[in-house]
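Fold and geometry: a report
What follows is the residue order along each chain.
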Amino acid sequence: MKVMRILLGLTLVLMVVVSCTPRKEAPKSKVLVLYYSLTSNTKTVAQEIATGLNADIEEIALVEPYDTAFQATIDRCKADREKGILPEIKPLKSNVADYDWIFIGYPIWFGTYAPPIASLLEKVDLSDKWVVPFCTFGSGGLESSTKDLADKLPKAKIMTGYGVRAARMAAMPKEVEQFLKKYTTLIFDTTNIGPNIPSESAFVPADFPEQHPVSAEENAIFEAAVNGYPMLNAKAKTVASRTALDGIEYLFTAMDMPREKKADMPPASEIKVYVIVEKGKAPEFTKVVR
Ligand SMILES: Cc1cc2nc3c(=O)[nH]c(=O)nc-3n(C[C@H](O)[C@H](O)[C@H](O)COP(=O)(O)O)c2cc1C
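Here the structure is a predicted model, which means the values were calculated and not measured. (Residues numbered from 1 in each chain as written. Predicted model: local features only at pLDDT ≥ 70, side-chain atom pairs only at ≥ 80, totals over all residues. Heavy atoms only, no water.)

The number of helices and strands found in the protein chain is seven helices and 12 strands. Look at the contacts in the protein chain between residues 6 or more apart in sequence, and 68% of them connect residues 24 or more apart. Of the accessible surface of the protein chain, which amounts to about 17,000 Å², a share of 58% is contributed by carbon and sulfur atoms. (Helix = DSSP H or I, 4+ residues; strand = E, 2+ residues; numbered from the N terminus. Contact = heavy atoms within 4.5 Å. Areas by Shrake-Rupley, 256 points an atom, 1.4 Å probe, with all protein chains shown as cover.)

The element strand β10 (residues 247–256) is largely enclosed, with a buried count of eight among its 10 residues. Bridge count for strand β9 (residues 234–244) against β10 is 10 bridges, and the pairing is antiparallel. The residue bridging Ala 240 from the neighbouring strand is Leu 251, located in β10. Connecting β9 to the antiparallel partner β10 that follows it, the hairpin turn spans two residues. Looking at chain direction, β10 and strand β11 (residues 269–278) are connected through 10 bridges and run antiparallel. (Buried < 20%, exposed > 50% of the residue type's maximum accessible area, 1.4 Å probe, protein only. Pairing = 2+ DSSP bridges.)

What follows deals with the pattern of salt bridges. All told, the structure shown has 14 salt bridges when counted by the stated rule. Put simply, Glu 122 and Lys 152 hold a salt bridge, and the shortest N to O gap is 3.0 Å. Here Glu 122 is found in helix α4 (residues 115–123), whereas its partner Lys 152 is found in helix α5 (residues 142–152), with 30 residues between them in sequence. Judged by its relative accessible area of 38%, Lys 152 is partly exposed. A salt bridge links Lys 287 to Glu 143; its shortest N-O distance comes to 2.5 Å. (Salt bridge = Lys/Arg side-chain N within 4 Å of Asp/Glu carboxyl O.)

Within the open sheet, the five strands sit side by side as β8-β9-β10-β11-β12. Their pairing is antiparallel. The sheet is open, and its two borders are formed by β8 (212–213) and β12 (284–289), each paired with just one other strand. Helix-sheet contacts for helix α7 (residues 216–226) involve β8, β9, β10, β11 and β12, and the interaxial angle to β9 is about 100°. (Axes fitted to C-alpha atoms, helices over the stretch in contact; angles between N-to-C directions.)

What follows concerns the nonpolar core. Nonpolar side chains in soluble globular proteins tend to end up buried together. Of all hydrophobic cores here, the largest spans 30 residues; its most connected members are Tyr 36, Ile 102, Ile 104, Tyr 106, Ile 117, Leu 121 and Leu 126. Mapped by element, the contributors of at least two residues to this core are β1 (31–35), β3 (101–109), α4, β5 (130–137) and α5. It is β3 that contributes the most residues to this core, five residues altogether. Among all residues touching Ile 102, those that are not within four sequence positions of it are Leu 32, Leu 34, Val 96, Leu 126, Lys 129, Trp 130, Val 131 and Val 132. (Core = buried A, V, L, I, M, F, W, Y, C linked by side-chain atoms within 4.5 Å.)

Any two packed helices are characterised by how steeply their axes cross, that is the angle between the axes, and by the distance between the axes. Contact geometry of helix α2 (residues 41–53) with helix α6 (residues 172–188) gives a least axis separation of 9 Å together with a crossing angle of 40°. Taken together, the axis directions place α2 and α6 in an arrangement best described as oblique. The way α2 lies across α6 gives a crossing that is right-handed. Contacts from Thr 44, Val 45, Glu 48, Ile 49, Gly 52 and Leu 53 in α2 reach Met 172, Pro 173, Val 176, Phe 179, Leu 180, Thr 184, Ile 187 and Phe 188 in α6. When grouped by side-chain class, the residues that make up the contact of α2 with α6 number 10 nonpolar, three polar and one charged. (Parallel < 35°, antiparallel > 145°, perpendicular 65-115°, else oblique. Left-handed = near helix turned anticlockwise from the far one by under 90°. Nonpolar A, V, L, I, M, F, W, Y, C, P; charged D, E, K, R; others polar.)

Turning next to the environment of Ala 156. By secondary structure assignment, the location of Ala 156 is in the loop between α5 and β6 (157–158). With relative accessibility at 12%, the residue Ala 156 sits in the buried group. For the pair Ala 156 and Asp 128, spaced 28 residues apart in sequence, the C-alpha to C-alpha distance is 4.7 Å. In contact with Ala 156, not counting residues within four places along its chain, are Leu 126, Ser 127, Asp 128, Lys 129 and Val 131.

Around the ligand sit 20 residues in total, of which Ser 37, Thr 39, Thr 42, Ile 108 and Ser 139 are the nearest. With respect to the ligand, the backbone of Ser 40 contributes an N or O atom lying 3.1 Å from an oxygen atom. Within the contact set of the ligand, an oxygen atom lies 3.3 Å away from a backbone nitrogen or oxygen of Gly 140. Look at the ligand: alone it shows 660 Å² of surface, and the protein chains cover 84% of it. For the shell around the ligand, the residue count by class is nine nonpolar, 11 polar and no charged. (Near = heavy atom within 4 Å. Polar contact = N/O pair within 3.5 Å; in protein donor to acceptor, adjacent residues only side chain to side chain.)

Next up, the structure:
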């Protein structure tokens with residue numbers, strides 16, 4: 001009887017020990033969100049994407065952080081460029097080799113990804129990875145930075161990214177949710193492996209129809225959208241529109257004129273300006289493509 005009681009006791013102890021031992025860790029997410037951010041806009045987008053995909057996330061940190069004062073950062077970037085150097089980044093904690101999908105986030109600086117991303121690309125091997133750029137900007141730069149990434153990483157599979165103006169961060173969560181729908185399918189649907197991955201066009205909204213000269217009403221929408229943005233001095237020429245999630249999206253072709261009579265002002269150039277008019281809201285431009 002005593003032996004039975006001891007055995008029963010031991011069995012109970014064993015059951016408690018087994019139930020309290022942590023289970024073997026769930027397999028690591030194969031998605032990593034890596035980002036650099038100086039004033040937190042990109043960080044907010046990175047967190048939204050990582051939450052949406054249940055992904056691991058890491059911020060790229062500099063050994064010598066940039067000054068948050070705009071002009072000081074510009075001056076340091078110019079000086080670094082003249083010296084041909086990039087800012088030194090701290091070693092990553094994540095092992096990039098463990099992941100298949102890398103979402104890379106950055107602010108647009110001088111028309112492309114900020115220099116800490118250039119430093120990152122010198123250090124990590126992204127060959128054969130699915131790379132999805134995302135960025136925040138004053139007026140635009142997703143397309144130019146995506147192209148620069150593709151040029152720099154010929155062996156990576158660069159996918160269509162997401163970009164948002166700093167002034168439109170309020171719209172970001174809804175836009176990211178929409179943006180991630182495609183990637184949730186691509187990443188987590190196990191039937192989409194290797195060559196079975198559907199073509200990108202399956203997710204791209206219908207194209208804009210042909211451009212036509214702007215009417216007075218369309219011009220008023222353009223002016224309202226760019227009004228107050230100091231970096232543009234643009235006149236709309238032609239436009240096309242299509243139905244968007246909560247309203248109408250316009251694609252304007254415009255001429256951007258020099259803002260001041262100064263020698264270092266960029267010359268007049270043709271630009272594309274995307275404008276969204278959501279129901280009950282004032283027109284906003286979502287990006288400028290130069
Ligand atoms: C040095 C510097 C250069 C910038 N250059 C551009 C630019 O070329 N085009 C643009 O649209 N925005 C530009 N911006 C604006 C930033 O891209 C924008 O504020 C971004 O949201 C900042 O992201 P963060 O808060 O994650 O640092 C620049 C900002 C800084 C500090």
